[in-house]
Amino acid sequence: MLTMLKEKLQADLSVAMKARDEVRTRTLRMALTALTNEEVSGKQARELSDDEVVKVLQREAKKRREAAEAFDGAGRTEQADAERAEGTVLEEYLPAPLSDEELTALVADAIAETGAAGPRAMGQVMKAVTPKVAGRADGRRVSGEVKRQLAE
């Protein structure tokens with residue numbers, strides 16, 4: 001049984017191929033390959049849940065962002081643009097990122113929930129907030145906000 005998200009990726013790949021949309025076709029093929037690799041890694045092949053599919057897509061999108069930055073740094077703007085285009089396609093399948101206000105509120109709730117105080121409690125707060133922001137905010141952004149609020 002295929003997950004909803006994986007089915008959507010496969011259906012969108014067919015549409016992209018028929019439309020001769022090279023960027024979308026290349027990106028969706030790469031994403032589906034990454035999903036297949038994830039399914040067969042480990043001791044036993046398994047079906048990924050939608051949450052696991054999202055994690056793989058996030059990892060791929062992060063790779064695109066980092067590659068684009070690296071290509072920009074090396075003055076290879078054409079490759080950087082190609083990586084960014086692929087990242088844009090992948091982001092269509094990811095949950096909407098948290099706004100700064102939402103992130104601030106979630107971190108404040110986690111601090112109140114754990115009774116944390118001072119920078120030493122950072123790990124405790126991160127443990128509480130991470131599942132709530134899963135896939136919707138970069139870890140660096142979350143830890144920065146936790147640090148900022150614990151320092152106040």
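Per an unreviewed UniProt entry, the protein is named GatB/YqeY domain-containing protein, and its organism is Actinoallomurus acaciae.

Draft legend 1. Main features of the packing of helix α1 (residues 4–18) against helix α2 (residues 22–40). Between α1 and α2, the least distance of the axes is 9 Å, while the angle of their chain directions is 150°. What the angle tells us is that α1 and α2 run roughly antiparallel. The handedness of the crossing between α1 and α2 is left-handed. Residues K6, L9, Q10, D12, L13, A16 and M17 of α1 lie in contact with α2, whose contacting residues are R24, T25, L28, R29, L32, L35 and E39.

Draft legend 2. Looking closely at the packing of α2 against helix α3 (residues 50–73). One can describe the packing of α2 onto α3 by two numbers: an axis separation of 10 Å at closest approach and a directional angle of 125°. Taken together, the axis directions place α2 and α3 in an arrangement best described as oblique. By crossing handedness, the relation of α2 to α3 is classed as right-handed. Residues M30, A31, A34, L35 and E38 of α2 form the contact with α3, whose participating residues are V53, V56, L57, R59, E60 and R64. Split into classes, the residues belonging to the contact of α2 with α3 amount to 7 nonpolar, no polar and 4 charged.

Draft legend 3. Molecular detail of unusual backbone geometry. Not every positive phi belongs to a glycine, and R20 is a case in point at roughly 55°. Given the relative accessible area of 74%, R20 is considered exposed.

Draft legend 4. Summary view of the pattern of salt bridges. Applying the stated criterion across every chain yields a total of 18 salt bridges. R84 serves as the salt-bridge partner of D81, at 3.5 Å between the closest nitrogen and oxygen. Residue D81 and its partner R84 are located together in helix α4 (residues 77–91), separated by 3 residues, close to a single helical turn. Note that K132 is salt-bridged to E113, the shortest N-O span being 2.8 Å. Pair noted here: K132 is in helix α6 (residues 122–133) and E113 is in helix α5 (residues 100–114), with a separation of 19 residues, a long-range link. Owing to a relative accessible area of 34%, K132 belongs among the partly exposed residues under this scheme.

So, how was this worked out
Residues numbered from 1 in each chain as written. Predicted model: local features only at pLDDT ≥ 70, side-chain atom pairs only at ≥ 80, totals over all residues. Heavy atoms only, no water. Axes fitted to C-alpha atoms, helices over the stretch in contact; angles between N-to-C directions. Helix = DSSP H or I, 4+ residues; strand = E, 2+ residues; numbered from the N terminus. Parallel < 35°, antiparallel > 145°, perpendicular 65-115°, else oblique. Left-handed = near helix turned anticlockwise from the far one by under 90°. Contact = heavy atoms within 4.5 Å. Nonpolar A, V, L, I, M, F, W, Y, C, P; charged D, E, K, R; others polar. Buried < 20%, exposed > 50% of the residue type's maximum accessible area, 1.4 Å probe, protein only. Salt bridge = Lys/Arg side-chain N within 4 Å of Asp/Glu carboxyl O.

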